[in-house]
Amino acid sequence: MNDITTQPPLAIVTGATAGLGLETAKGLADAGYRVIVAGRNPEKGKLACHAVRAHRPGAEVRFELLDLDSLESVRQFAARLRGSETELRLLINNAGIMALPRRERTADGFERQFGVNYLGHFLLTSLLLPMLVAATSSDSKSEPPRVVQLSSLAHRSGRIAFDDLDGGKHYDPWHAYRQSKLAMLLFAQALQKQSDQHGWDILSVAAHPGLSRTALFDAGVKSRALIGQAFKLVMPLISQSAAEGARPTLHAALGDDVRPGDYFGPDGFSETRGAPKRAFRSKAARDRAVEDRLWEVSCKLTGAAWSSEPRRPT
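Below you will find a few notes about this structure.

Thoughts on the overall build of the protein
Link 1 in the chain: The helix and strand tally for the protein stands at 10 helices and eight strands.
Link 2 in the chain: For the protein, contacts bridging at least 24 residues in sequence account for 75% of all contacts bridging at least 6.
Link 3 in the chain: About 13,600 Å² of surface is accessible on the protein, with carbon and sulfur atoms providing 53% of the total.

What about the sheet that holds strand β3 (residues 61-65)?
Link 1 in the chain: What the eight strands build is an open sheet, ordered β3-β2-β1-β4-β5-β6-β7-β8; its pairing is mixed. Either end of the sheet is taken by a strand with one partner, and the two such strands are β3 and β8 (276-278). Direction aside, the axes of adjacent strands within the sheet are offset by 25 degrees on average.
Link 2 in the chain: Examined bridge by bridge, strand β6 (residues 203-207) and strand β7 (residues 263-266) share two bridges and lie parallel to one another. Within β7, the position partnered with alanine 206 by the bridge is tyrosine 263.
Link 3 in the chain: Against the sheet, helix α1 (residues 19-30) makes contact with β1 (10-14), β2 (34-39) and β4 (90-93), and its axis sits at roughly 170 degrees relative to β1, the strand it touches most.

What about the pattern of salt bridges?
Link 1 in the chain: Under the counting rule described, the total for this entry stands at 19 salt bridges.
Link 2 in the chain: Ionic pairing is found between glutamate 85 and arginine 34, a salt bridge with its closest N-O pair at 3.0 Å. With glutamate 85 in the loop between α3 (71-84) and β4 and arginine 34 in strand β2, this residue pair connects regions lying 51 residues apart in the sequence.
Link 3 in the chain: A relative accessible area of 3% means that glutamate 85 is categorised as buried.
Link 4 in the chain: Here arginine 259 and aspartate 262 are joined by a salt bridge, their closest N and O atoms 3.9 Å apart.

Rules of the game
Residues numbered from 1 in each chain as written. Predicted model: local features only at pLDDT ≥ 70, side-chain atom pairs only at ≥ 80, totals over all residues. Heavy atoms only, no water. Helix = DSSP H or I, 4+ residues; strand = E, 2+ residues; numbered from the N terminus. Contact = heavy atoms within 4.5 Å. Areas by Shrake-Rupley, 256 points an atom, 1.4 Å probe, with all protein chains shown as cover. Pairing = 2+ DSSP bridges. Axes fitted to C-alpha atoms, helices over the stretch in contact; angles between N-to-C directions. Salt bridge = Lys/Arg side-chain N within 4 Å of Asp/Glu carboxyl O. Buried < 20%, exposed > 50% of the residue type's maximum accessible area, 1.4 Å probe, protein only.

This is how it looks when you write it as structure tokens:
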């Protein structure tokens, strides 16, 4: 295992091979973190690591295989990390897919947006919890380790359809996306509550990028042809680059004014672009009964145990 007395702090960014995740990885390298680019495409991962090093010469960055489509891949990733690292200072749950035109399933049978965007991250965080807790235990004077969940403006019109989480009764591309991003915001809040109750000393927060020009967004609007055409016309006026869109995430990860359970987004018109500020939460995001129920359901669906005790690699 790496010697934690000489190594810079470790950060993991899921979906960091392009777009917001890659820009987040660059920002964390600037801040002196060792960065793990976690993704499902080794070739893209290699290019992303090169991009981080080109941005920050000397940056310590490496790729690790993680396919959030598969809970087994999540378990294997976590086991490898527990075998090679002792502590984790930052976990950025950034990876996501948007508005798939047709209903698809993950390897475990979940509706794919709910599975990749949310459930995979839920299990991943639970498996890495001992490493997060260890980061506080080894240095009581340091800031608490942080977990940042990527939500979205789309959460505002989302709802958790407990009677149809997999979209089997009625699938709509944007409903599924909005549900997954509302789930991520509820997860950030619930994780903070669990941390407070169990004494994990973790700072759990969320962020959203406003409207950022990424390949993910381009793919998402194609599911609605008319909406896609309209967005092409107005996007230059209301959107921002991926680098600018990563600023709320980086603030949530690094800012010294961040409070437990915070949620950050851009400060511009309707939070579509601009500098980081505390963001608006929908009524659904403030429903504690839904938050608690989602936590329980997610534990059952993924098998997440949420033990802070160190685990041997499997």
